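# A look at the structure
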Protein chains: 2
Amino acid sequence: MALLSTPSPARRPRADAERNRQRVVETARALFAVRGDEVQHAEIAREAGVGVGTVYRHFPTRQSLVEAAAEQRFAEILAFARELADGLASYLEHVGEVLDADRGLSAVIEAARGSTESEPRGQARAHLEEAVAELIARDQRAGILSPTCTVSDVYMITGALSAVVRTRSGDWRRFLTIVLEGLRPR
Amino acid sequence: MALLSTPSPARRPRADAERNRQRVVETARALFAVRGDEVQHAEIAREAGVGVGTVYRHFPTRQSLVEAAAEQRFAEILAFARELADGLASYLEHVGEVLDADRGLSAVIEAARGSTESEPRGQARAHLEEAVAELIARDQRAGILSPTCTVSDVYMITGALSAVVRTRSGDWRRFLTIVLEGLRPR
DNA sequence: ACCTGAACACCGTTCAAGT
DNA sequence: ACCTGAACACCGTTCAAGT
C-alpha cells in the first residue's frame, strides 16, 4: 500500500525552493512592519523577486504566511523569556515593547485571525508555554504573585495587551500596571 | 456668496430616504450579528430591499455603516450606565455581556477600524463619557475604587475586554476580576 | 520539482438612466 | 431628490506553459 501513494515522506526541499521561501517570509515581515495589512501579495512577490504563484505555493493561505512572519516574533519573545526576564512583570513589559515596536505585524495578525478560528501554533509558541510557566512559578515562590495566576491568564493578558497597544499605544504601561496590581497575592 | 452654493443647510430628508436608511442599518446590524465581517454590501442591499447604490448613498464608506450599527449598541450601554449600573464593576460586567452576546458586530467593528484612524464618535458615545465619570466618582467616594482611576482607564479596559471576549470568550469574567482587583484602593 | 505571470473570479464602488 | 443595478476597477487566486 505505502508503495503506491508515497505520501511525501518529508523529503528535503530543493535548495532554490527553500531560499525562495525564506525571501518571501522576510520580505513580507518587512513590508507588514511598515504598512500593515494593506500590503498585497503581488507586492510581496515583486519585492522578493519571485512570481505570485511561488508565494501561493509556499503559503496557500494568507493566514499561513502571516503565521510564518509571526513565528519570528515569538522566537524573539521566547529567547527573552528564557534568558533575560527576571519575572512576569519584566516579561510582560518586554512583550509590550515588542508589540509596540511592530504594530504593523500586529494589525496583520489581527486581520488574518478573523477568517479562521485556530490560534497560531508554531515551534516557538509551544516552547513559550513552558518558559512562561517557569516565570510564574518563580514569582509565586518569591511571594510576589498570586497563587491563582495561571499560564492561561498570562496568554489572555497578552492578547488584551496587544489590543491596547494597537488602539491606545501610549497607555499600555498603565494597563500593565493595573493588571499586575490585580495579580498580586493577598 | 452664501446665495450661490447653498451648502445644504440641514434640510429634513425625504420620508422614503429616511425609511431606507433605517432599513439598511437594521438589516446590517442583524446580518453582522450572525455572520460578522463576511456579509457583503450586495447582501445587505438585497435583504433591505434597496439597490446597492442606496447603501452607498447613505453610507459612503463601510466604516460609516459600521458606526451607525455600533451606535445602537452604545445607546443600550449608555442606558444601562445611567439607570441600572450600581458601580463600575456592574457596569463593566454588563458591557462584557453585551459584547459576548453580539461578537459578530465586534468583529466587524474591529475589521473596519484597521483602515481609518478615528474612534467612533456618535451621540451615545459622547454622553457615555459623563455617565462613566459619574460611576467612577461614586465608587471613589464609597472608597471601593482607587483615586487614580480615570475615564480613560475605563475606556482602555473596555477595549481590552472586547479583545478578550472575541479571542477567549469563556475567560472574560476572569479578566475583569483581575482588572477590578488592580483598581482597588490601597 | 519548482517557477512564472497572464487569465479568471469575486466583490467593492461608481454613475448613467429612471422615477 | 432619491433610487436602481449594470458596468467598471481592483485584487486575490489559479493553472497552463516553461525551466
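Residues numbered from 1 in each chain as written. Chains lettered and ligands numbered in written order. Predicted model: local features only at pLDDT ≥ 70, side-chain atom pairs only at ≥ 80, totals over all residues. Heavy atoms only, no water.

### Looking at the overall build of chain A
What counts, and what does not: Comment: elements are numbered from the N terminus, with helices defined as DSSP H or I runs of at least four residues and strands as E runs of at least two. Relative accessibility under 20% of the residue-type maximum defines a buried residue, over 50% an exposed one, and the middle range a partly exposed one, all with a 1.4 Å probe and only protein chains included. We call two residues contacting when some pair of their heavy atoms lies within 4.5 Å.
When helices and strands are tallied, chain A shows 10 helices and zero strands. Overall, chain A shows an N-to-C arrangement of helices and strands of α-α-α-α-α-α-α-α-α-α. Looking at the 186 residues of chain A, the share that counts as buried comes to 42%. Looking at chain A alone, contacts between residues at least 24 apart form 69% of all its contacts between residues at least 6 apart.

### Quick word on the interface of chain A and chain B
What counts, and what does not: For any pair of parts, buried area is found by adding up, for both, the accessible area (1.4 Å probe) each one loses once the two are put together. Between Lys or Arg on one side and Asp or Glu on the other, a salt bridge is scored when a side-chain nitrogen of the former is within 4 Å of a carboxyl oxygen of the latter. In the analysis that follows, any N or O atom pair within 3.5 Å is treated as a polar contact, provided that within protein one partner can donate a hydrogen and the other can accept it, and provided that, for residues neighboring in sequence, both atoms belong to side chains. Classification used: nonpolar for Ala, Val, Leu, Ile, Met, Phe, Trp, Tyr, Cys and Pro, charged for Asp, Glu, Lys and Arg, polar for all others including Gly.
With 23 residues of chain A at the interface, the matching set in chain B holds 23 residues. Where chain A abuts chain B, roughly 2100 Å² becomes buried across the two surfaces, and 60% of that area is made up of carbon and sulfur atoms. Viewed at the interface, chain B and chain A are joined by six salt bridges. Close ionic contact of B:D153 with A:R174 constitutes a salt bridge, the shortest N to O distance being 2.4 Å. In this structure, the connection of chain A to chain B is made through 10 residue pairs in polar contact (both at pLDDT 80 or more). Elements with a contribution of two residues or more to the side of chain A that touches chain B: α7 (103-113), α9 (151-167) and α10 (172-182) of chain A. Sorting elements by how many residues they give to the side of chain A that touches chain B places α9(A) first, with nine residues. The residue makeup of the side of chain A that touches chain B, split by class, is 10 nonpolar, four polar and nine charged.

### Some details on the nonpolar core
Just so we agree on the cut-off: Only buried residues count toward a nonpolar core, which is a set of Ala, Val, Leu, Ile, Met, Phe, Trp, Tyr and Cys residues joined through side-chain atoms within 4.5 Å.
Membership of the largest hydrophobic core comes to 69 residues, with the highest contact counts inside it found for A:Y91, A:L128, A:F175, B:Y91, B:L128 and B:F175. Setting aside chain neighbours within four positions, we find B:L128 in contact with B:F74, B:I77, B:L78, B:A81, B:Y91 and B:Y155.

### Considerations on the pattern of salt bridges
Counted under the stated rule, the structure contains 30 salt bridges over all chains. Residue A:R168 is joined to A:D171 by a salt bridge in which the shortest nitrogen-to-oxygen separation is 2.9 Å. Using a relative accessible area of 24% as the deciding quantity, one classes A:R168 as partly exposed. Residue classification places A:D171 among the partly exposed positions, given a relative accessible area of 25%. For the salt bridge of B:R166 with B:E110, the shortest nitrogen-to-oxygen distance reads 3.6 Å. Of this pair, B:R166 sits in helix α9 (residues 151-167) while B:E110 sits in helix α7 (residues 103-113), and the two are 56 residues apart along the sequence. Just as B:R166 is buried, B:E110 falls in that class too. In the salt-bridge network here, residues are joined through shared partners; they are A:E110, A:R166, B:E110 and B:R166.

### A closer look at the protein's contact with DNA strand C
Selection rule: If a single non-hydrogen atom of a residue is within 4 Å of a molecule or strand, that residue counts as near it.
Not every one of the 15 residues close to DNA strand C is listed here, only the nearest: A:N20, A:G51, A:G53, A:T54 and B:Y56. Sugar and phosphate atoms represent 70% of those atoms of DNA strand C found within 4 Å of the protein. Residue A:R14 places a side-chain N or O atom 3.0 Å away from a base nitrogen belonging to DNA strand C. When residues in the surface near DNA strand C are grouped by element, the largest group, five residues, is from helix α4 (residues 52-58) of chain A.

### A few points about the relation of the copies chain A and chain B
As a reminder, the rule being used: In this comparison the copies share one frame, found by least squares on the C-alpha atoms of residues holding pLDDT of at least 70 in both.
Laying chain A over chain B is done by rotating through 180° and shifting 0.0 Å along the axis; what remains is an RMSD of 0.0 Å. As the rotation angle and translation indicate, the two copies are arranged about a two-fold axis. For chain A, the minimum C-alpha distance to the rotation axis belongs to A:G182 and amounts to 1.8 Å.

### Some thoughts on the protein's contact with DNA strand D
Around DNA strand D, the surrounding shell holds 16 residues, and the nearest of these are A:Y56, B:N20, B:G51, B:G53 and B:T54. Sugar plus phosphate, as a fraction of atoms of DNA strand D within 4 Å of the protein: 68%. Take B:N20: an N or O atom from its side chain is 2.4 Å from a phosphate oxygen of DNA strand D. A distance of 2.5 Å separates a phosphate oxygen of DNA strand D from a polar atom in the side chain of B:T54. Counting residues per element, the ones that place at least two in the surface near DNA strand D are α4 of chain A together with α2 (15-35) and α4 (52-58) of chain B. Among the elements that line the surface near DNA strand D, the one with the most residues is α4(B), at five residues. Of the residues belonging to the surface near DNA strand D, the class tally is four nonpolar, nine polar and three charged.

### Some words on the packing of helix α5 (residues 62-83) of chain B against helix α6 (residues 88-101) of chain B
Residues and elements named next belong to chain B. What counts here: Helix axes use the C-alpha atoms of the stretch in contact, all axes being lines fitted to C-alpha atoms, and the angles between their N-to-C directions lie in the range 0 to 180 degrees. Roughly parallel refers to an angle under 35 degrees, roughly antiparallel to one over 145, roughly perpendicular to one between 65 and 115, and oblique to any angle outside these ranges. Here a crossing is taken to be left-handed if its near helix is turned anticlockwise relative to the far helix by less than a right angle, and right-handed if that turn runs clockwise.
At their nearest, the axes of α5 and α6 sit 10 Å apart, and the two run at 155° to each other. Regarding the angle of α5 to α6, the classification is roughly antiparallel. Seen from above, α5 lies across α6 with right-handed handedness. Of α6, the residues touching α5 (which contributes R73, E76, I77, F80 and A81) are S90, Y91, H94, V95, V98 and L99. Grouping the constituent residues of the contact of α5 with α6 by class yields seven nonpolar, two polar and two charged.

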